[in-house]
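Commentary on secondary and tertiary structure
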Amino acid sequence: MTMFSSCACTLLLAVSASAAAQTPGPSGPYGNPPGNDPYSDLYASPSSASQPSPLASQRMELGPQGHRYPFPVYASLPLNAPGSLSKVKRLIIVVHDERRDARRSLRAVAALYAGQAGPKADTLIVAPRFPSMVDASLQGMPAWRRTGWMEGLPSIAARDRPPPISSFRILDDLLRHFTAPGRLPALQTLVLAGHGAGAQMVQRYAVLNPLDESLRATGLDLTYVVANAESYLYLSPLRPSRTGRGYTRYERGICPTYEHYRYGLEDLPAVLQNYDGRLSRIQLATRYAQRHVTYLLGSADTNPEYAGLDKGCGAEAEGATPLARGLGYWGYEMRARAKYAPKPAHRGFIVQDIGHNETEIYASACAARALLGDGNWTTTATCKALPSQPSM
């Protein structure tokens, strides 16, 4: 066993042992005001009393000709003024968490520009908002039941809405829209980021989407940023051992469905079965290992009891807390790296003293580099790189 394997096992066991004893800080358990737990109503529309923001809500028309549909986004620049987009070199698409507050997510990224005039003209930040059935102001747009958008599931079928479409297709159409010839003539870099539920969506999309290689073949750089995901899509039946040492098949007697989607590749929804040519597990694993992914894990994201945490047995098979699940998945990747991608394309970081907080984890030095590249960004948290050597 390598030093990393020993350290990772020790940390995983320590996280599990200490999680129940965690006490929230004065600002609330996840960086929110006391008594204002955002997970108390996971699927309500964002409060209209949110702090005013210059980052505007905009309506886009997406999809191919003959199958166009409207979709709501927040954006740091006006999308209907082509002149304002001519200098954009970097496009950041940031996916909200289960609160579905896209403006909050956009502002969390834009905050890295504090002390400057705001996001520069060479950076466009776009935050799609995945509507729910309860969003009265978003009638006529695709909408999802609960967190179906997070998994790539189709929108609901309703007379007053567009035909059902996978939420992954929404991301496809956003990428196709902004990379269409002449749309962003100076574009060089694409970043797709998410925190919490948004990170779960981004990680699964990074595994399954069919566009990555074709976009990079045009000279564009495409990176995925996965921050504090509550669970991950595994590409084999292996899971972190319950002893904290190594990886093994989980006991079907404890969780018969631990390999079902969204935790594994069994029972893949019909809408995703033909999404990318029904690649084999080995083909998916090989391709994913070569895609550019950055994982961000808050060192204090260790509460196993917060209301937004997935407590299904498929998620529990990955670990007890978001931090434990992230460390377990990183170790799983390192174990497979020699087989699928000897040249590392994935990076992982622990963000020191940060819990399940979107704004604070994006304000870290490693998140700033992943999102914005090198620069003089306003950051408030430090990072420690996860070991890049196989753990077993």
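Before any of the text, the structure's been laid out above.
What counts and how
- Residues numbered from 1 in each chain as written.
- Predicted model: local features only at pLDDT ≥ 70, side-chain atom pairs only at ≥ 80, totals over all residues.
- Heavy atoms only, no water.
- Disulfide = S-S within 2.5 Å.
- Helix = DSSP H or I, 4+ residues; strand = E, 2+ residues; numbered from the N terminus.
- Buried < 20%, exposed > 50% of the residue type's maximum accessible area, 1.4 Å probe, protein only.
- Expected span 1.5 Å × (residues − 1).
- Bend = angle between axes of the 7 residues up to and from the residue.
- Core = buried A, V, L, I, M, F, W, Y, C linked by side-chain atoms within 4.5 Å.
- Contact = heavy atoms within 4.5 Å.
- Axes fitted to C-alpha atoms, helices over the stretch in contact; angles between N-to-C directions.
- Parallel < 35°, antiparallel > 145°, perpendicular 65-115°, else oblique.
- Nonpolar A, V, L, I, M, F, W, Y, C, P; charged D, E, K, R; others polar.
- Pairing = 2+ DSSP bridges.
- Phe/Tyr/Trp six-rings, centres within 6.5 Å; stacked < 30°, edge-to-face > 60°.

Now for the state of the cysteines. Here a disulfide denotes a covalent bond joining the sulfur atom of one cysteine to the sulfur atom of another. In the structure shown here, the tally under the stated rule is 2 disulfides. Linked covalently through their sulfurs, Cys-255 and Cys-313 form a disulfide whose S-S length is 2.1 Å. An S-S torsion of about 60° defines the bridge between Cys-255 and Cys-313 as right-handed. Taken as a pair, Cys-255 in the loop between strand S8 (247-249) and helix H6 (270-273) and Cys-313 in helix H8 (residues 313-316) lie far apart in primary sequence, 58 residues in all. Residue Cys-313 is classed as partly exposed on the basis of its relative accessible area of 32%. The disulfide that involves Cys-366 links it to Cys-383, with 2.1 Å between the sulfurs. Negative torsions about the S-S bond denote left-handed disulfides, and the value of about -75° found for Cys-366 with Cys-383 makes this one left-handed. Of the two residues, Cys-366 is situated in helix H11 (residues 365-372) and Cys-383 in strand S11 (residues 383-385); the sequence distance between them amounts to 17 residues. Residue Cys-383 is classed as partly exposed on the basis of its relative accessible area of 25%.

Bringing helix H9 (residues 322-340) into the picture now. The first and last C-alpha atoms of H9 sit 25 Å apart over 19 residues, in line with the 27 Å expected at 1.5 Å per residue. Along H9, the largest kink reaches about 25° and is centred on Met-334. The buried fraction of H9 is high, at 16 of 19 residues.

Okay, helix H4 (residues 197-208) next. When the terminal C-alpha atoms of H4 are compared, their 17 Å separation across 12 residues agrees well with the 16 Å that a helix rising 1.5 Å per residue should span. For H4, a buried count of 12 out of 12 residues is recorded, marking the element as mostly surrounded by other parts of the structure.

Membership of the largest hydrophobic core comes to 73 residues, with the highest contact counts inside it found for Leu-124, Phe-130, Ile-170, Tyr-205 and Leu-208. When near neighbours in sequence (up to four residues on either side) are disregarded, Ile-170 contacts Leu-62, Tyr-69, Phe-71, Phe-130, Trp-144 and Ile-165. In this structure, Leu-106, Ile-125, Val-225 and Cys-366 belong to the second largest nonpolar core, which totals 30 residues.

Bringing the packing of H4 against helix H7 (residues 281-289) into the picture now. Interhelical geometry of H4 versus H7 gives an angle of 110° and a closest axis separation of 8 Å. Taken together, the axes of H4 and H7 lie roughly perpendicular to each other. Every residue of H7 that contacts H4 at Gln-203, Ala-206, Val-207 and Leu-208 is listed here: Leu-284, Arg-287 and Tyr-288. In terms of residue class, the contact of H4 with H7 is built from 5 nonpolar, 1 polar and 1 charged.

With 5 of 6 residues buried, strand S10 (residues 346-351) is to be regarded as a mostly interior element. Sheet topology places strand S9 (residues 292-298) next to S10; 6 bridges connect them, and they run parallel. Residue pairing in the sheet places Leu-297 in a bridge with Ile-350 of S10. Of the pairings in the sheet, the one linking S10 to S11 comprises 3 bridges and is antiparallel in character. Residue pairing in the sheet places Val-351 in a bridge with Cys-383 of S11.

At a minimum axis distance of 10 Å, the contact between H7 and H9 shows a crossing angle of 100°. Comparing their axes, H9 and H7 come out roughly perpendicular. Contacts between H7 and H9 pair Ile-282, Ala-285, Thr-286, Tyr-288 and Ala-289 from the former with Tyr-329, Glu-333 and Tyr-340 from the latter. In terms of residue class, the contact of H7 with H9 is built from 6 nonpolar, 1 polar and 1 charged.

Our next topic: the environment of Glu-259. If you trace the backbone, Glu-259 turns up in the loop between S8 and H6. The class of Glu-259 is buried, set by a relative accessible area of 0%. Between the alpha carbons of Glu-259 and Leu-235 there is a distance of 9.1 Å; along the sequence they are 24 residues apart. The contacts of Glu-259, once residues within four sequence positions are left out, are Ser-236, Pro-237, Arg-239, Arg-252, Gly-264, Leu-265, Glu-266 and Arg-281.

Here the focus is the packing of aromatic side chains. Taken as a whole and assessed by the stated rule, the structure comprises 16 aromatic pairs. An angle of 75° between the planes, with centres 5.5 Å apart, marks the rings of Phe-130 and Trp-144 as edge-to-face. Of this pair, Phe-130 sits in the loop between strand S4 (123-128) and helix H3 (167-179) while Trp-144 sits in the loop between S4 and H3, and the two are 14 residues apart along the sequence. Each member of the pair, Phe-130 as well as Trp-144, carries the same accessibility label: buried. Aromatic side chains Phe-168 and Tyr-205 sit 5.6 Å apart centroid to centroid with 65° between the ring planes, which places their arrangement in the edge-to-face category. With Phe-168 in helix H3 and Tyr-205 in helix H4, the pair connects residues that are 37 residues apart, well separated along the chain. In this pair, the class of Phe-168 matches that of Tyr-205, namely buried. The structure contains a cluster of three or more aromatic residues connected by ring pairs, namely Tyr-232, Tyr-234, Tyr-247, Tyr-295, Tyr-329, Trp-330 and Tyr-332.

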